[in-house]
Amino acid sequence: MLSDRKKKILCAVVDSYIDKATPVASKDIQQDYLSECSSATIRNELSTLESMGYLIQPHVSAGRIPSEKAFRFYVNELMYESNLTGSEAELIEQYFNRKINSLEEVMTEVTRILAEITNYTSVVVKEDMSDTITAIKLLDLSNGKMLVVIVTDSRVLKDGMVDLPDDFDEHMIAQAQHWLNKIFCGKHVSEFINFNYPFALVNDEFAQYNALFKKIIDVLKKVSLLNGMDVEMYGESKILEHAEYTDVTHAKKFLAEMQNKEKIAEILTNDGGADGSVTVKIGSEENAPEGCAVVTTRVSLGDNVSSSIGVIGPVRMNYKKVLSVLDKISEIIIDYVSTRKS
């Protein structure tokens, strides 16, 4: 547990670092945040916070910068809500006040306004899981591998591969295909993705292959999820405006990672799946790109259709502002969807 004074000092370090992108010294904290504390007291607390893993001292003579652990504590415990400025709220309203004819246009506007106001890369992942499954096919490729395919009423979802046991013959593949079709045909893709594997439904003949059946279903879920996603991204080059990416190597690495839209979509949609959920991932240990933070919120777009909206930027992100912008944009999307229904 951190004392109240340590929390105040840690919060001051994080806020200052977010604002200035330079190491924070004890005199800066005393002058700008905690005038009631002596510089010596602050130095001692900074040293303790460093030993606890919350702060890093880049150079012996330099001040401290927050670690990813500090940013996580800040988001969970220290950060207070922040309202948008009047000009920011007005700018968002202006983007959406013009005539918008489709949900696709809304999503395009969301990526643009989100990137412009936050100054980070914005991403919108639309997940349409309203298709109905009409068939599941298992195709033996005769090389110890099997291709798993889902056919829906509007498309074919494929690219899923499973390794087969040596003793899993053509008859067993046909039986497995029959079993999967019996359970899933006629269901929406969204029902399938949220399906928990029922070991009890596998008959005695396949009991020894429970692990294989689970693997097949997991692959089919992934195929369904990825094929149902539509990814829009905007403002990738904005990362170059942040101090951490003035180094060409870091900038190139980030821009290369943004090219892998399938991976970015997975990161954004790994949010628990509940409408209204807000997720903050900080650093590679939390599945964000290395050195980055990802903040997302999920908004329902209709039956079995939802979107994950978020930004990707350096760990030194203005989380308060990002969350406020996402909250405002979510309200606008919800109003738009409800107006279309009425």
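Notes on the structure in this doc start here.

### Looking at the nonpolar core
Then, number 1: Ranked by size, the top nonpolar core spans 57 residues in total, and within it Leu10, Ile29, Tyr74, Tyr319 and Ile333 carry the most contacts.
Then, number 2: Sort the elements by how many residues they give to this core and helix α12 (residues 319-341) lands first, with nine residues.
Then, number 3: Not counting residues up to four positions away in its chain, the partners in contact with isoleucine 29 are Ile9, Ala12, Val13, Val24, Leu34, Ile42 and Leu46.
Then, number 4: Ranked by size, the runner-up nonpolar core spans 27 residues in total, among them Val148, Val162, Leu164 and Ile183.

### Some points on the pattern of salt bridges
Then, number 1: Throughout the structure, instances matching the rule amount to twelve salt bridges.
Then, number 2: We note a salt bridge from glutamate 45 to lysine 6, for which the minimum N-O separation is 2.9 Å. One end of the pair, glutamate 45, is in helix α3 (residues 39-51); the other, lysine 6, is in helix α1 (residues 4-20), and 39 residues separate them in sequence. The pair glutamate 45 / lysine 6 is uniform in exposure class, with both members buried.
Then, number 3: Ionic contacts of the salt-bridge type, sharing partners, join the residues Arg5, Lys6 and Glu45 into one network.

### Considering the packing of helix α5 (residues 86-97) against helix α6 (residues 103-118)
The relative placement of two packed helices comes down to the angle between their axes together with the axis-to-axis distance.
Then, number 1: At a minimum axis distance of 10 Å, the contact between α5 and α6 shows a crossing angle of 155°. Taken as axis vectors, α5 and α6 run roughly antiparallel relative to one another. When the axes of α5 and α6 are compared, the crossing they make is right-handed. On α6, the residues that touch Glu88, Leu91, Ile92, Tyr95 and Phe96 of α5 are Val106, Glu109, Val110, Arg112, Ile113, Glu116 and Ile117.
Then, number 2: Across the contact of α5 with α6, the residue classes tally to eight nonpolar, no polar and four charged.

### Some thoughts on the pairing of strand β5 (residues 145-152)
Then, number 1: Burial of β5 is extensive: seven of the eight residues sit out of reach of the surface.
Then, number 2: As paired strands, strand β4 (residues 133-140) and β5 are joined by seven bridges and run antiparallel to one another. Bridged to aspartate 140 within β5 is methionine 146.
Then, number 3: What sits between the antiparallel neighbours β4 and β5 is a turn of four residues, in which serine 142 has the positive phi angle 60°.

### Quick notes on the sheet that holds β5
Then, number 1: Here we have three strands laid out as an open sheet, ordered β4-β5-β6, and antiparallel in their pairing. One side of each edge strand has no neighbouring strand; the edge strands of this open sheet are β4 and β6 (156-163). With direction set aside, neighbouring strand axes in the sheet form an average angle of 20°.
Then, number 2: Most of the contacts of helix α7 (residues 170-184) go to β4, to which it runs at about 165°, and overall it touches β4 and β5.

### What about the packing of aromatic side chains?
Then, number 1: For the coordinates displayed, the defined rule picks out three aromatic pairs.
Then, number 2: Here lysine 69 stacks its cationic end above the ring of tyrosine 54, 4.4 Å away from the centre of that ring.

### With respect to the side chain of threonine 111
Then, number 1: Residue placement: threonine 111 occurs in helix α6.
Then, number 2: Sequence-distant contacts of threonine 111, that is, excluding residues within four places in its chain, are made with Ser122, Val124, Glu232 and Tyr234.

### Section: the packing of α1 against helix α4 (residues 68-78)
Then, number 1: Direction vectors running N to C along α1 and α4 enclose 110°, while the axes themselves pass 10 Å from each other. The angle between the axes of α1 and α4 places the two elements in the roughly perpendicular class. Read as a crossing pair, α1 and α4 show a hand that is left-handed. Contacts between α1 and α4 involve Lys7, Leu10, Cys11, Val14, Asp15, Tyr17 and Ile18 from the first element and Ala70, Phe71, Phe73, Tyr74 and Leu78 from the second.
Then, number 2: Partitioned by chemical class, the residues of the contact of α1 with α4 number ten nonpolar, no polar and two charged.

Rules behind the numbers
Residues numbered from 1 in each chain as written. Predicted model: local features only at pLDDT ≥ 70, side-chain atom pairs only at ≥ 80, totals over all residues. Heavy atoms only, no water. Core = buried A, V, L, I, M, F, W, Y, C linked by side-chain atoms within 4.5 Å. Buried < 20%, exposed > 50% of the residue type's maximum accessible area, 1.4 Å probe, protein only. Helix = DSSP H or I, 4+ residues; strand = E, 2+ residues; numbered from the N terminus. Contact = heavy atoms within 4.5 Å. Salt bridge = Lys/Arg side-chain N within 4 Å of Asp/Glu carboxyl O. Axes fitted to C-alpha atoms, helices over the stretch in contact; angles between N-to-C directions. Parallel < 35°, antiparallel > 145°, perpendicular 65-115°, else oblique. Left-handed = near helix turned anticlockwise from the far one by under 90°. Nonpolar A, V, L, I, M, F, W, Y, C, P; charged D, E, K, R; others polar. Pairing = 2+ DSSP bridges. Phe/Tyr/Trp six-rings, centres within 6.5 Å; stacked < 30°, edge-to-face > 60°. Lys NZ or Arg CZ within 6 Å of the ring centre and 35° of its normal.

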